Structures are given as C-alpha cells and as structure tokens.
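Geometric and topological summary
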Amino acid sequence: MKDRAGGGRGSLPSEASVEERYTQWKSLVPVLYDWLANHNLVWPSLSCRWGPQLEQATYKNRQRLYLSEQTDGSVPNTLVIANCEVVKPRVAAAEHIGQFNEEARSPFVKKWKTIIHPGEVNRIRELPQNSKIVATHTDSPDVLVWDVESQPNRHPVLGASASRPDLVLTGHQDNAEFALAMCPTEPFVLSGGKDKSVVLWSIHDHISSLAADQGAAKSPGSKGGAVNGKSSDSPTIQARGIFQGHTDTVEDVQFCPSSAQEFCSVGDDSCLILWDARTGSAPVVKVEKAHSADLHCVDWNPNDVNLILTGSADNTVRMFDRRNLTSGGVGSPIHIFEGHSAAVLCVQWSPDRSSVFGSAAEDGILNIWDYGKIGKLDGAGTGSSNSPQGLFFRHAGHRDKVVDFHWNSSDPWTIVSVSEDGEKTGGGGTLQIWRMMDLLYRPEEEVLAELDKFKSHLLTCAS
C-alpha cells in the first residue's frame, strides 16, 4: 500500500470507536441521506472520478465512473471504467437505503471496461472539455493519457501486457505520483512530482488526432515514450513549461478556473505557490508556512476565483484569498477549518454552491463545509462550540482513510468517495455514492414551507 508522505499528527480513532461511530452512522442513514450505494471493492482504488452522463431515465441516470485496482501483483493493476446508475433525488425509499451488506458489490455499479495499467494508478483526472479522455499518474515520471472509449477492453490476467496509452506526457525528472490536474478552459494538463517541479502540457494538437486515428496503426516513425522503464509505442508530448520554486515533493496542483495560464501548487515544503505561465517559470507568489506541516491537496473555487483551499498533514483545511495570501511573510488564511483528527488528503469545492466544499481525511471522515455559515448561530440558536465552525455534514460511512472523493457536476449534491478499509470489509476497500437529504442544504425558508405543508397534511390524515 502506498502512503502519502507526512502522515497526520492527530491520533487515529481506535478500532472500537470506529466501529461504534460506523454503527451509529448506519442507523442514521435513512434519516440523513436521500440515496446511498455501498460497493465493496475487490482491490483498493486510490482515485474515483465521475465521467460523462450517458443517459437520463425517469428514476435514474446512467453515468460513467472511473476507478482503479491497486493489486498485490497476482494480477495486473488496472484502470476501470464503470457504469453507474445514479438514482434521482426523492426516489429511493428511506427504509431501503440503510439496508446494505458491507461485503457485497452494489447493483448500481457495473464494470464496463478494464484497461491494464502500466503500474498502479495513483490518480485519475478527466478532461472537462471531453471527459472520455483521462490522464493517470503512476510511479513514474510520465503522465499517461487514455481515450477510454477507443481503448480495447482487456482481461487482467497474470502476465498480460499493459494497455498502450494514447499519449505519454514527458518532462518530469523523477517520479510524479499524485499531483495532477486538467484545465477547465483549454485542454491543458498540469502535474507535480518528486523532482520538486510543476510541469504544464497542452494536448490540443493531439486531441483531434486521437479522435481521428482511433483504429489506425501508428506509423513506424511515431516517437515512443517509456512507461515505467518499458518502451511503449505511444506518441509523446514535450512540456510547454517547467516551473520551479518548491523545495520538496509537489503533492497537488490546480488550474485557476478562469485561466489556462494561471495555476497553483502545494507540497511537502509547507508552501502554496501561485504561477502564471505568461510571466515565466518563477513563482508569482510563494506562500511560506501555508500550514504547519506537509500540504497534501489544493482546490481553486470555480465560482469565486479569489478563493483557494488547502489541506494538510496538520489535520486542517485552510481557505486563502489570492488577493491577500500572506502577512509578515507567512501564509495568512481567511479561515482555518478544524474538523479532522488526522491528515487531510483531499479537498474539493462544490460545483453548485460557491461557499460549500468537502474535505476527506485519514480519520475516515468526509466533511462537508459551508463557510457562509461561519459566525452564524446554528438552527438551534445555540451556536454550540462542540461542532467546528462552518461544518454542516459529516459523512461517516467509511471505516478507514478516505483517499479520494468527487462531486458530481451532472448531479451536484451526489458524491462518490473511496476508502482503504479492506481489512474491515473483507475486500479491497469501499466505494460509496451518496446524496444527503435535500432538507439539509436547501434554503431554510423553502424547507420550513415544505415541512409546514407536510405538517398540515399529517393533521388532515389524522383527523
């Protein structure tokens, strides 16, 4: 199992308390969730991403889901393309969603295609302009790009040769394992690695050719890349730019939502760096001591480009305003969110609401936050201090570290999350697809009006 560098300084919950927390959570599923699917994995997956929506029906939509299988070597590592049935809001019966078997596969998740991946898949990112194109990171310096529709479906048996990537992006001098991002405005790819650099590519010219020669054999003259030291006959793309400013491994990168030329990165040097490809390869702003430990993740708000989130091995999530990143030479966050007891591995803004985001950590919890609620009294009017400021939902359905999650932009309050709790479930980990009850996030007036209607309906029935 690969472990992210750093590690949380907080104490991980004990086995007993995790089981207790899980039992309590499961009893509340019918009350807190509109829908939940629990899928026991055969092998751990370090990444989970939504692909394109395929079809819409009356009660559910079908959508692609990208996962991976990190194996023990008895069979090859794979990139898995699954079809997922996403049940629409207010369709699933409350009494059914809490009745699932932790050791079973979910009927809502069906494997559609398997790609034999050269090395384990550490991260998957889809291209926003064309989400059938995905990039992956493995334990090598290269970024691999796949057209999942045209790739042949493979049977992962011991000794099977690896699938051939449609494109190999070269430029790192050492392994690049986690930091990977696709640009929302142009077909650009960004990566960070152990060589302490951030590398930018444009896959413009190749996207059109990928579509054109889906079945055509590559000419013998096409340049081959080396994947994990093995020569492959995939075309390669050289970097557009290599950006240096970190003094340790780069752990995550993200594009500015409104510009393909601006991006940011975080690393094990506790720094957050903002870059602009138009001004050269040096940092525009370097935020020293953005956290008090390694930074694992970063996200840039698609609905408010001034806001950037970072998550760290110091167990906190911090929100920075790019107009005012530092004070006295060190990071000056607008707010520090403290709701995890171990290293934060993943942060992501909601695609739907500019003040909402999620954070997942090694403590097995996926927290949903709304910074718009900070400083406001909670519904009970007590503003009780035992709940962290801005926290409004805790997803406690995983029993070990939550390694990745992704909001669904086609169905904005539906989230897929994956954890490494294989020992507890007799499998390789747990994938969950879930949507909280809409009464929890809709505007208060709307919710109260609906509950009022429901109340009068009940009174009528009673009489």
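In this convention, every chain numbers its residues from 1, walking through the sequence in written order. pLDDT decides what is reported in this predicted model: residues at 70 or higher carry local features, side-chain atom pairs at 80 or more are listed and counted, and totals for whole chains, interfaces and linings draw on all residues regardless. Excluded from the side-chain calculations are hydrogens and water; all other atoms, namely the structure's heavy atoms, are used.

**Brief notes about the UniProt feature "repeat: WD" (unreviewed entry) in the protein chain**
UniProt positions are given in the numbering used here, feature names are shortened, and annotations may be inferred rather than shown by experiment. In the UniProt entry, the feature "repeat: WD" (unreviewed entry) is given for residues 243-285, 288-321 and 337-370. Numbering goes from the N terminus for both helices and strands, where a helix is a DSSP run of H or I of at least four residues and a strand is a run of E of at least two. Regarding residues 288-321, the helix share stands at 0% and the strand share at 50%, and the terminal C-alpha atoms are separated by 15 Å. Summarising residues 337-370: 0% helix, 53% strand, and an end-to-end C-alpha distance of 10 Å.

**Observations concerning the pattern of salt bridges**
For salt bridges, the criterion is a side-chain nitrogen of Lys or Arg within 4 Å of an Asp or Glu carboxyl oxygen. Summed over the entire model, instances satisfying the criterion amount to 23 salt bridges. One salt bridge connects Arg435 with Asp34, and the closest N-O pair in it is separated by 2.5 Å. Of this pair, Arg435 sits in strand β33 (residues 429-436) while Asp34 is found in strand β1 (residues 33-41), placing the two residues 401 residues apart along the sequence.

**Section: the layout of surface pockets**
Both cavities and pockets are sets of points on a 1 Å grid over the protein atoms alone; in a cavity a 1.4 Å probe fits but cannot get out, in a pocket the set is open with protein on both sides within 12 Å along at least five of seven lines, and lining residues sit with an atom within 4 Å of a point. Grid points are joined across faces, edges and corners, and a volume is the space filled by probe spheres set on the points. Approximately 760 Å³ is the volume found for the second largest pocket. Around the second largest pocket sit 35 residues that line it, and Arg49, Glu126, Pro128, Gln348 and His406 are the ones nearest its centre. Where the lining of the second largest pocket is concerned, the elements lending two or more residues are β2 (49-56), β6 (123-127), β10 (180-182), β17 (250-256), β21 (295-300), β27 (344-349) and β31 (402-407). With five residues, the single largest contributor to the lining of the second largest pocket is β27. Residues are sorted three ways: Asp, Glu, Lys and Arg are charged, Ala, Val, Leu, Ile, Met, Phe, Trp, Tyr, Cys and Pro are nonpolar, and all the rest, Gly among them, are polar. Tallied by class, the residues present in the lining of the second largest pocket amount to 19 nonpolar, nine polar and seven charged.

**Re helix α1 (residues 15-32)**
Given 3.6 residues to a turn, an α-helix orients residues that are three or four positions apart in the same direction. By this rule, a helix spans an expected 1.5 Å times one less than how many residues it contains. Here α1 is 18 residues long and its end C-alpha atoms lie 24 Å apart, about the 26 Å a rise of 1.5 Å per residue gives. By the largest-angle criterion, Lys26 marks the main kink of α1, which is about 30°, and a proline, Pro30, follows within four residues. In what follows, residue pairs with any heavy atoms lying within 4.5 Å of each other are defined as contacts. The elements touched by buried residues of α1 are β1, α2 (94-97), β30 (391-395), α4 (422-425) and β33. We define the bend at any residue as the angle between the axes fitted to the seven residues before and including it, ending there, and the seven starting there.

**Some words on the packing of aromatic side chains**
Pairs were defined over the aromatic rings of Phe, Tyr and Trp, the Trp ring being its six-membered one, requiring ring centres within 6.5 Å. Orientation was assigned from the angle between planes: stacked under 30 degrees, edge-to-face over 60, tilted for the rest. The tally for this structure, following the rule as stated, stands at 18 aromatic pairs. Measuring from centroid to centroid gives 6.3 Å for Trp25 and Phe100, while their planes differ by 55°, and the two rings are tilted. Residue Trp25 is found in helix α1, and its partner Phe100 is found in the loop between α2 and β5 (109-116); the two are separated by 75 residues along the sequence. Stacked on the ring of Tyr22, the Lys or Arg Arg399 has its end atom at 4.2 Å from the ring centre. The rule is short: NZ of Lys or CZ of Arg within 6 Å of the ring centre and within 35 degrees of the ring normal puts a charge over the ring.

**Examining the nonpolar core**
Within the largest apolar cluster, 43 residues are counted, with the highest numbers of intra-cluster contacts made by Leu65, Ile368, Leu431 and Ile433. Residues in contact with Ile433, not counting those within four places in the same chain, are Trp35, Leu36, Ala37, Trp50, Leu65, Cys84, Val109, Thr414, Ile415 and Val416. Formed by 16 residues, the second largest nonpolar core is a distinct cluster that contains Leu190, Phe243, Phe255 and Cys271. Residues belong to a common nonpolar core when they are buried Ala, Val, Leu, Ile, Met, Phe, Trp, Tyr or Cys residues joined through side-chain atoms within 4.5 Å. A simple rule labels every residue: compare its accessible area, found with a 1.4 Å probe on the protein chains alone, to the largest value its type can have, and call it buried under 20%, exposed over 50%, or partly exposed in between.

**Let's talk about the sheet that holds β31**
Two strands form a pair only when DSSP identifies at least two bridges running between them. As summarised here, the arrangement of the four strands in space is β1-β33-β32-β31, forming an open sheet in which the pairing is antiparallel. Two strands in the sheet have a free side with no partner beyond their single neighbour: β1 and β31. Ignoring which end each strand starts from, the neighbouring axes of this sheet average 15° apart. Only the contacting stretch of a helix is used when fitting its axis, a line to C-alpha atoms as for every element, and angles between N-to-C directions run 0 to 180 degrees. On the sheet, α1 packs against β1 and β33 and is oriented at approximately 140° with respect to β1.

**Quick look at the pairing of strand β11 (residues 188-192)**
With respect to burial, β11 is a largely interior element, five of its five residues being buried. Note that β10 and β11 share three bridges and pair antiparallel. Residue pairing in the sheet places Met182 in a bridge with Val189 of β11. In this structure, the hairpin formed by β10 and β11 is closed by a connection of five residues. Once β11 ends, the chain turns through four residues before running back antiparallel as strand β12 (residues 197-202), passing Lys196 with a positive phi of about 70°.

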